[in-house]
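Letter by letter, the chains look like this.
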Amino acid sequence: RERDREMFAVENGLQGDPRLQAISDAIRVIPHFPKTGIMFQDITTLLLDPVAFKHVVDIFVDRYKHMNISLVAGVEARGFIFGPPIALAIGAKFVPLRKPGKLPGRVISEEYELEYGNDRLEMSVEAVKSHERALVIDDLVATGGTLSASINLLERAGAEVVECACVVGLPKFKGHSKLKGKPLYVLVEPSQLNEVTF
Amino acid sequence: MSRNKQEEDPRINGIKTKIRVVPDFPKKGIMFQDITTVLLDPKAFKDTIDLFVERYRDKNISVVAGIEARGFLFGPPIALAIGAKFVPLRKPKKLPGETIFEEYELEYGNDRLEMHVGAVEVGDRALVVDDLIATGGTLCAAIKLLERVGAEVVECACVIELPELKGRQRLKGKPLCMLVEYR
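By convention here, each chain's residues receive numbers from 1 onward along its written sequence. Throughout, the order in which chains and ligands are written sets their labels, letters from A for the former and numbers from 1 for the latter. Local features in a predicted model are, by the rule used here, given only for residues with pLDDT of at least 70; side-chain atom pairs are given and counted only at 80 or more, and totals for whole chains, interfaces and linings are based on all residues. No hydrogens and no water enter the side-chain calculation; it runs on all heavy atoms of the structure.

Enquirer: I'm lost on the pattern of salt bridges in this one. Help?
Expert: Opposite charge on two side chains lets them pair, provided their charged atoms get close. When a carboxyl oxygen of Asp or Glu is within 4 Å of a side-chain nitrogen of Lys or Arg, the pair counts as a salt bridge. Tallying each qualifying case throughout the model produces 38 salt bridges over all chains. Here Asp119(A) makes a salt bridge to Lys99(A), at a shortest N to O gap of 3.8 Å. Of this pair, Asp119(A) sits in strand S6 (residues 118-124) while Lys99(A) sits in the loop between strand S4 (93-97) and strand S5 (107-113), and the two are 20 residues apart along the sequence. When salt bridges with common partners are traced through the structure, they connect Arg106(A), Glu126(A), Arg20(B) and Asp34(B) into a single cluster. Counting from the N terminus, the helices are the DSSP runs of H or I reaching at least four residues and the strands are the DSSP runs of E reaching at least two.

Enquirer: I keep staring at the nonpolar core and nothing clicks. Help me out?
Expert: For soluble globular proteins, nonpolar side chains are generally found buried alongside one another. Within the largest apolar cluster, 74 residues are counted, with the highest numbers of intra-cluster contacts made by Phe82(A), Leu187(A) and Val64(B). Looking at this core, the element that brings in the most residues is helix H3 (residues 50-64) of chain A, giving eight residues. In this analysis, two residues are considered to be in contact whenever any of their non-hydrogen atoms come within 4.5 Å of each other. When sequence neighbours within four positions are dropped, the list of residues in contact with Phe82(A) reads Ile43(A), Leu46(A), Leu47(A), Phe53(A), Val56(A), Ile137(A), Asp139(A) and Val167(A). Definition used in this section: a nonpolar core is a set of buried Ala, Val, Leu, Ile, Met, Phe, Trp, Tyr and Cys residues joined via side-chain atoms within 4.5 Å. Partly exposed describes any residue whose relative accessible area lies between the buried limit of under 20% and the exposed limit of over 50%, with all areas from a 1.4 Å probe on protein chains only and scaled to the type maximum.

Enquirer: Can you walk me through helix H5 (residues 137-148) of chain B in this structure?
Expert: Residue pairs spaced three or four apart in an α-helix point in one direction, given the helix's 3.6 residues per turn. Residues and elements named next belong to chain B. The first and last C-alpha atoms of H5 sit 17 Å apart over 12 residues, in line with the 16 Å expected at 1.5 Å per residue. Within the sequence span of H5, burial applies to Leu139, Cys140, Ala141, Ala142, Ile143, Leu145 and Leu146. Turning to H5, the residues buried within the fold contact strand S3 (63-67), strand S4 (85-89), strand S5 (99-105), strand S6 (110-116), strand S7 (125-133) and strand S8 (152-161). One or two residues past the end of H5 sits Gly150, with phi positive at roughly 95°. Multiply 1.5 Å by the residue count of a helix minus one, and that product is the helix's expected span.

Enquirer: What exactly am I supposed to notice about the state of the cysteines here?
Expert: What makes a disulfide is a covalent bond joining the sulfur atoms belonging to two cysteines. Criterion for a disulfide: a pair of cysteine sulfur atoms within 2.5 Å. Counted according to the given criterion, the structure contains zero disulfides over all chains. No disulfide involves Cys166(A); its sulfur sits 7.0 Å from that of Cys164(A), the nearest cysteine. You can call Cys166(A) buried: its relative accessible area is 0%. Of the cysteine sulfurs around Cys158(B), a residue in no disulfide, the closest is that of Cys156(B), at 6.5 Å.

Enquirer: Hey, could you run me through the environment of Lys16(B) in this one?
Expert: Residue and element names in this part refer to chain B. Here Lys16 lies in helix H1 (residues 10-18). Lys16 sits in the partly exposed class, given a relative accessible area of 40%. For Lys16 and Glu181, which are 165 residues apart along the polypeptide, the C-alpha to C-alpha distance reads 8.8 Å. Discounting chain neighbours no more than four positions away, the residues touching Lys16 are Val180 and Glu181.

Enquirer: Explain the sheet that holds S4(B) here, please?
Expert: What links the strands of a sheet is backbone hydrogen bonding, and the strands pair in either a parallel or an antiparallel sense. Residue and element names in this part refer to chain B. Strand order in the open sheet formed by five strands is S4-S3-S7-S8-S9, and the pairing between neighbours is parallel. Each edge of the open sheet carries a strand with a single partner, namely S4 and strand S9 (176-181). Pairwise comparison of adjacent strand axes, ignoring direction, gives a mean angle of 20° for this sheet. In short, DSSP must find at least two bridges between two strands for them to pair. Where S8 meets S9, five bridges bridge the pair, whose relative direction is parallel. Its bridge partner being in S9, Ile160 is matched across the sheet by Val180. Structural elements are reduced to axes, namely lines fitted to C-alpha atoms, with helices fitted over the stretch in contact, and the angle between N-to-C directions of any two is expressed from 0 to 180 degrees.

Any functional reading would require information beyond the geometric quantities listed.
Okay, structure coming up:
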């Protein structure tokens, strides 16, 4: 059963699926953004390719549509791009997880670490019912800090986090397929510096 | 889907009832139009997207531009359904590649909207999406960005309009489609 929960899509039944290569090819690498040494994975070029963007959504929808997910939580802001299409296709609600001060009404907040200092993620308390089965979506997982904070928020509100899903995942997670005990599902590894243009 | 109430689609009332109005947020005197409650109702969210998709699917739209951050909730599903590219218009310094920007006025001071160079091309037919139009300042900045790179802005689409703020008049003559008015 552990094999079922392995992290990268290519290891989990999608080996040789040409859609994964198309997705990877559509991601642009920007060196030294936001600072020196970081090879930023720019998914905006993926969004400019309607076929590749649809592949991302289709793969996630195929995986989650029979898992009784009632809630898709997306991390601001790029999680807002991938989460709603998945939620709509599987008939789940969408819950935005936001930077402080953006959500009106009663919220709970969770701190997480940045390289220097902390940040906070907030969620509306009324958005979640007890025992809901939830999926967390973001574009990329790096340290896992944001996803861990997301899991905490949902669990504090009584939801069960079924899985975390990202388009891109840093290879450091390879072999460690869980985040706070939750399975982590990722479509592709980071792209290398390439010639992707518009 | 415009101000003409005679032929209002029955789905619109369902959407309207899901919008939560939060008084005095983010500050006193503002009646905040919270669309997150629409997203909590899969039918209402789907109806919102379907209404826009039905309107735009045969209009040869090649790009949907969504304004950060709530425009990101509605723009991509519309783009996917009509086969258009999605372009995020973002606050400064978020986009990693080369960008162009357009300034717009806030109540106090200015802000900027940025777009990636090369994302939109000459001849692209564009739709601009945001959750709400108030003064129209952000939408106007979005229209300017798209026109500067040679796109034709076909329409602006918002879930909610605050008509008393007259944002509709600040769209450089471009039409606005909205679902729900709040007075």
